[in-house]
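# Geometric and topological summary
Given next are the chains, with one letter for each unit.
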Protein chains: 2
Amino acid sequence: MGSRVEKETPLRRDARRNREMLIAAAREIYTDQGVDAPLDDIARRAGVGSATLYRRFAGRAELIEAVFGDSLRDILRAAEEARSATDAWAGLTAYLERIFGLLAADRGTNDLMTTGIQGVPSLDALRKENHKTLDDLLGRAQEQGKVRPDATAEDLQFMLAALGRAVPGSTVAAPLAWRRYLALLLDGLRPEGSHPLPAPSLTPDQLNAAMLQLGKVRRPRTGRAD
Amino acid sequence: MGSRVEKETPLRRDARRNREMLIAAAREIYTDQGVDAPLDDIARRAGVGSATLYRRFAGRAELIEAVFGDSLRDILRAAEEARSATDAWAGLTAYLERIFGLLAADRGTNDLMTTGIQGVPSLDALRKENHKTLDDLLGRAQEQGKVRPDATAEDLQFMLAALGRAVPGSTVAAPLAWRRYLALLLDGLRPEGSHPLPAPSLTPDQLNAAMLQLGKVRRPRTGRAD
DNA sequence: CACTAACCGGGGGAATCTCTCCGGTTAGGT
DNA sequence: ACCTAACCGGAGAGATTCCCCCGGTTAGTG
């Protein structure tokens, strides 16, 4: 029941190659379909049978770990870095803009950061670090008078997850629309009055398109039904 | 291909009774599972075969219309009412709090209002009216100096959908947490400084539970997989 | 070059879900 | 009470997706 891959015997060359192909295929599919994508699709895209996928990775979580492990560690480093900012508010906004850039560009990363997926060690570490970062920056920004004193790190996390989850819907019509929404959210955190919003607002048609996407977070369904 | 029910011949008594049973069952199931719930579940709960459901309703959209038609018309009236407020900002907040109360209490209504479900006439009418309401109230609130001039009705709609979609996740742990988030969002719309937040913030544990729910918007999946 | 352990992919069982067929049953008028 | 059109529900075809079994193939070694 332990790890599927024994470190003792290095994989045979073909096995290793297939493993790489699977990770590459999974990365592509996760990026534009999210981490709930059918595993069979990934195997097909990699040009191997589904059995090979299950032989290399115990399940979805292990594949996710293999695909996103490195990039999650990168984000983790960015979080650490952000906390070293002297101006806490500047550090916070820079950090969040970086995160949202990732959420908007990569559906898989979005799933990982805006939902509670279990069983991925790197992800648990990231969540912990992320919470620590937000807590620290928010607290210091409050001390520096840049954030309203009644907001908590939990408030921020919830709002970020809610907004982040919706972002992919808007990227279809306007790739940078998230900047505007993040700015609006952050303005709600500040004690003083409003600051100008970046980027143009969505047009009504673009909004409709975005709303449509919102419902399609995952619609596997089955056959004929619309 | 027209309507499945002929108005000429009223339904036989048993047929009508089953129709009512189906609507009642659908209402219950939609309320706590959302409108993507399996139709077979609804038929089973109503105590009839799935064929009876398909005989009475052409598909999911027609059933939704039958279940939510009345309540949607109620909301529609509330929107009309809200627009008659002299103080646009007060009207807007009252309207939104009412809507969010519904979104938090009823998963089906939430799906209907935060995603772009197609094929339900009452819903199209509601969306149109809702947009008109927000546009009107926001515009007038801006003229009255209560809302920052650079925000648009589309901005508001997007943020509301994003937050509304996340609300059910928080209701498990804290039924009224949405008040706090809505207040935070609305504060971002105001030109002046911050106003006190209602309701307590989520605890870290409650936040975790909420994040977990976020991913479970719909996880039909299949068999053994976790 | 021969051998064997590791590896491979197709195919299939099981679980879900939508939607339809068909033989048996019932409501409601005469 | 009888008859017929309308109605009913179980059963199942077809579509997905997860996951594993099994006979054939291949990498790497002596």
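Residues numbered from 1 in each chain as written. Chains lettered and ligands numbered in written order. Predicted model: local features only at pLDDT ≥ 70, side-chain atom pairs only at ≥ 80, totals over all residues. Heavy atoms only, no water.

Note on pairing: side chains with opposite charge can pair once their charged atoms come close. According to the stated counting rule, one finds 35 salt bridges over all chains in the structure shown. Residue Arg77(A) pairs with Asp74(A) through a salt bridge whose shortest N-O separation is 2.7 Å. Within this pair, Arg77(A) and its partner Asp74(A) are both found in helix α4 (residues 60-83), separated by three residues, close to a single helical turn. What makes Asp74(A) partly exposed here is its relative accessible area of 39%. Glu129(A) is paired through a salt bridge with Lys132(A); the nearest N and O atoms lie 4.0 Å apart. Of this pair, Glu129(A) and Lys132(A) both sit in helix α7 (residues 121-143), three residues apart, which is roughly one turn of that helix. Looking at Lys132(A), the relative accessible area reads 45%, which means it is partly exposed. Among the ionic contacts, a cluster of salt bridges with common partners joins Arg148(A), Asp150(A), Asp187(B), Arg190(B) and Glu192(B). (Salt bridge = Lys/Arg side-chain N within 4 Å of Asp/Glu carboxyl O. Helix = DSSP H or I, 4+ residues; strand = E, 2+ residues; numbered from the N terminus. Buried < 20%, exposed > 50% of the residue type's maximum accessible area, 1.4 Å probe, protein only.)

Our next topic: the domain arrangement of chain A. All names here are of chain A. Assigned domains of chain A: these are domain 1 (10-57) and domain 2 (68-215). In this complex, domain 1 contributes seven residues to the contact, which on the side of domain 2 involves eight residues. Both faces considered, domain 1 and domain 2 share a buried interface measuring about 480 Å² in area, 64% of it formed by carbon and sulfur atoms. Among the residues of domain 1 in contact with domain 2, Tyr30, Thr31 and Val35 are the three that bury the most area, contributing 74% of the side total. (Domains from an automatic or database assignment. Contact = heavy atoms within 4.5 Å. Buried area = accessible area lost by both parts, 1.4 Å probe.)

Residue-level contacts link 53 residues of chain A with 54 residues of chain B. A buried area of about 4300 Å², summed over both sides, lies between chain A and chain B, and 62% of it is on carbon and sulfur atoms. Where chain A touches chain B, the interface holds four salt bridges. Here Asp155(A) and Arg180(B) are joined by a salt bridge, their closest N and O atoms 2.7 Å apart. Between the two partners, chain A and chain B, sit 18 residue pairs in polar contact (both at pLDDT 80 or more). Elements that contribute at least two residues to the side of chain A that touches chain B include exactly α6 (107-114), α8 (153-171), α9 (177-189) and α10 (204-215) of chain A. Ranked by residue count, the leading element in the side of chain A that touches chain B is α8(A), at 12 residues. Partitioned by chemical class, the residues of the side of chain A that touches chain B number 25 nonpolar, 14 polar and 14 charged. (Polar contact = N/O pair within 3.5 Å; in protein donor to acceptor, adjacent residues only side chain to side chain. Nonpolar A, V, L, I, M, F, W, Y, C, P; charged D, E, K, R; others polar.)

Most often, soluble globular proteins keep nonpolar side chains buried together rather than apart. Tyr30(A), Ile42(A), Leu63(A), Tyr30(B), Ile42(B) and Leu63(B) are the most contacted members of the largest nonpolar core, which totals 140 residues. Beyond its immediate sequence surroundings of up to four residues, Tyr30(A) is in contact with Val35(A), Leu39(A), Ile42(A), Arg60(A), Leu63(A), Ile64(A), Val67(A), Phe68(A), Asp106(A), Arg107(A) and Gly108(A). (Core = buried A, V, L, I, M, F, W, Y, C linked by side-chain atoms within 4.5 Å.)

Turning our attention to α6(A). Burial of α6(A) is extensive: seven of the eight residues sit out of reach of the surface. What α6(A) keeps buried is the set Gly108(A), Thr109(A), Asn110(A), Asp111(A), Leu112(A), Met113(A) and Thr114(A). Buried residues in α6(A) make contact with α1 (13-33), α4, α5 (88-105), α7 and α8 of chain A together with α10 (204-215) of chain B. One side-chain oxygen of the residue at the start of α6(A) lies 2.7 Å from the amide nitrogen of Gly108(A), identifying that residue as Asp106(A).

All names here are of chain A. Here Gly59 lies in the loop between α3 (50-56) and α4. Taking the relative accessible area as the measure of exposure, Gly59 reaches 18% and is therefore buried. Residues Gly59 and Asp136, spaced 77 residues apart in sequence, show a C-alpha to C-alpha distance of 35 Å.

The subject of this paragraph is the side chain of Asn130(A). Residues and elements named next belong to chain A. Mapped onto the elements, Asn130 comes out in helix α7. When its relative accessible area of 15% is taken as the criterion, Asn130 is described as buried. Looking at Asn130, its side chain comes within polar contact range of the side chain of Tyr95, at 2.7 Å. Discounting residues that sit within four places of it in the chain, Asn130 has contacts with Tyr95 and Gln157.

All names here are of chain B. Two numbers describe how helix α4 (residues 60-83) lies on helix α7 (residues 121-143): the axes approach to 9 Å, and their chain directions differ by 20 degrees. Taken as axis vectors, α4 and α7 run roughly parallel relative to one another. Between α4 and α7 lies a crossing of left-handed hand. Taking contact as the criterion, the partners of Glu65, Gly69, Leu72, Arg73, Ile75, Leu76, Ala79, Glu80, Ala82 and Arg83 in α4 are, on α7, Pro121, Ser122, Leu123, Ala125, Leu126, Glu129, Lys132, Thr133, Asp136, Leu137 and Arg140. Grouping the amino acids of the contact of α4 with α7 by side-chain chemistry returns 10 nonpolar, three polar and eight charged. (Axes fitted to C-alpha atoms, helices over the stretch in contact; angles between N-to-C directions. Parallel < 35°, antiparallel > 145°, perpendicular 65-115°, else oblique. Left-handed = near helix turned anticlockwise from the far one by under 90°.)

It is worth spelling out the relation of the copies chain A and chain B at this point. Relative to chain B, chain A is turned by 180 degrees and slid 0.0 Å along the rotation axis, the superposed coordinates differing by an RMSD of 0.0 Å. Taken together, the turn and the small shift mark the pair as related by a two-fold rotation axis. Within chain A, the C-alpha atom positioned nearest to the axis of rotation is that of Gly188(A), 1.8 Å from it. When the interface residues of chain A are mapped onto chain B, 100% of them again fall at the interface, so both copies present the same face. (Least-squares fit on C-alpha atoms with pLDDT ≥ 70 in both.)

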